[in-house]
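Per-entry structural report
Listed below, chain by chain, are the residues.
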Amino acid sequence: IVYTKIVVMSQFLVEPLAVAKIVLHACKYPHTAVNGVLLAEKPSPDSSNSSSKPIVICNTVPLFHSNLNLAPMLEAALMQIEATYKNYAIVGYYQANELLNDASPEGVGAHIYQKIAENSPLPRSLYILVDNKAIDRKCSTIPLIYYQRKEAGQSQKLERLPNSAVAIDDEEDCLETLANLLVRQAYRSLVDFDNHLDDIGLDWTNSRLAEQIRN
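A brief look at the structure comes next. Since the model is a prediction, treat every value here as computed from it, not as a measurement.

How each quantity is defined
- Throughout this description, residue numbers start from 1 for each chain and increase along the sequence as written.
- With the structure being a predicted model, the display of local features is reserved for residues of pLDDT at least 70 and the display and counting of side-chain atom pairs for 80 or more, all residues being used for whole-chain, interface and lining totals.
- The side-chain figures draw on all heavy atoms in the structure; neither hydrogens nor water molecules are used.
- Strands here are runs of E lasting at least two residues and helices are runs of H or I lasting at least four, both read from the DSSP assignment and numbered beginning at the N terminus.
- In this scheme, a helix's expected span is set at 1.5 Å multiplied by one less than its residue total.
- Under the scheme applied here, a residue whose accessible area is under 20% of the maximum for its type counts as buried, over 50% as exposed, and between as partly exposed, the area being computed with a 1.4 Å probe on protein chains only.
- Pairing between two strands is assigned when DSSP locates at least 2 bridges connecting them.
- Here an angle of 0 to 180 degrees is reported between the N-to-C directions of two axes, which are lines fitted to C-alpha atoms, with helices fitted over the stretch in contact.
- Here, two residues are considered to be in contact whenever any of their heavy atoms come within 4.5 Å of each other.
- In this scheme, a crossing is called left-handed if the near helix is turned counterclockwise away from the far one by less than a right angle; it is called right-handed if the turn is clockwise.
- Note on residue categories: nonpolar means Ala, Val, Leu, Ile, Met, Phe, Trp, Tyr, Cys or Pro, charged means Asp, Glu, Lys or Arg, and polar means any other residue, Gly included.

Bringing helix H1 (residues 16-28) into the picture now. End to end, H1 covers 18 Å across 13 residues, agreeing with the expected 18 Å (1.5 Å per residue, within 8%). The buried count for H1 comes to 11 of 13 residues, which makes it a mostly enclosed element.

As structure tokens, then:
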């Protein structure tokens, strides 16, 4: 994979597909909280797994929009994700809060993220919070806020990362793609795990939507 822009100091690089699915999930359910997980390629056994390299968030899986704290459903979803995406690891979590002005990463989302971070095979994990107020059809900015857990002694605390710590691959093109998707109301076709549980015929991997985003 060739990336058009990588900020050397960035800890993470997020691909447009991942950004788009997060924003579309939030837009499909604007009056309720939504969440999902972040995927990155698993490190190969002979790789150095260097902490100096940015971790590439290449995809996301939308999870829930009705109740974010149903542990049995969450466990079932994570097991199915790991079985389906065998070459990828769950390396982070995203959430859009229910209230427009709520930009807090605490609560159930922080708990889920901590569990994901503890089990991640990569040296860092990421919590993405959707900035609800920043979503508009003009898409002049990426409406995401980034958090990371502190060191082990303060593992229950989250600290906000500067935007420079997270690079968006080809950000200008990503913003243009987002704007086009919102105008076309592409979020209507997004399927999360809640939808899949209601109708198992629905594709929670969103393969067709991914093709639209990439093209």
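A separate point is the sheet that holds strand E9 (residues 166-168). Ordered in space as E3-E1-E9, the three strands form an open sheet in which the pairing is parallel. The sheet terminates laterally at strand E3 (55-57) and E9, the two strands that pair on one side only. Across the sheet, the mean angle separating the axes of adjacent strands is 25 degrees when strand polarity is ignored. The pairing of strand E1 (residues 12-14) with E9 spans three bridges and is classified as parallel.

The next subject is the sheet that holds strand E4 (residues 59-62). Pairing in this open sheet of six strands is mixed, and the strands run E4-E2-E5-E6-E7-E8 from one edge to the other. Pairing within the sheet leaves two strands with one partner each, and these edge strands are E4 and strand E8 (158-160). Between one strand and the next, the sheet's axes are offset by a mean angle of 30 degrees, whatever the strand orientation. Sheet topology places strand E7 (residues 144-149) next to E8; three bridges connect them, and they run antiparallel. Residue pairing across strands places Tyr 147 opposite Arg 160, the latter belonging to E8. The strands touched by H1 are strand E2 (34-41), E4, strand E5 (88-96), strand E6 (126-130) and E7; relative to E4, the strand with the most contacts, the crossing angle is about 20 degrees. Contacts from helix H3 (residues 108-119) reach E2, E5, E6, E7 and E8 within the one sheet, and its direction differs from that of E5 by about 170 degrees.

Contact geometry of H1 with helix H4 (residues 171-183) gives a least axis separation of 10 Å together with a crossing angle of 35 degrees. Crossing handedness for the pair H1 and H4: right-handed. Facing H1, whose interface residues are Pro 16, Val 19, Ala 20, Val 23, Leu 24 and Cys 27, H4 presents Cys 174, Leu 178, Leu 181 and Leu 182. For the contact of H1 with H4, the per-class residue count stands at 10 nonpolar, no polar and no charged.

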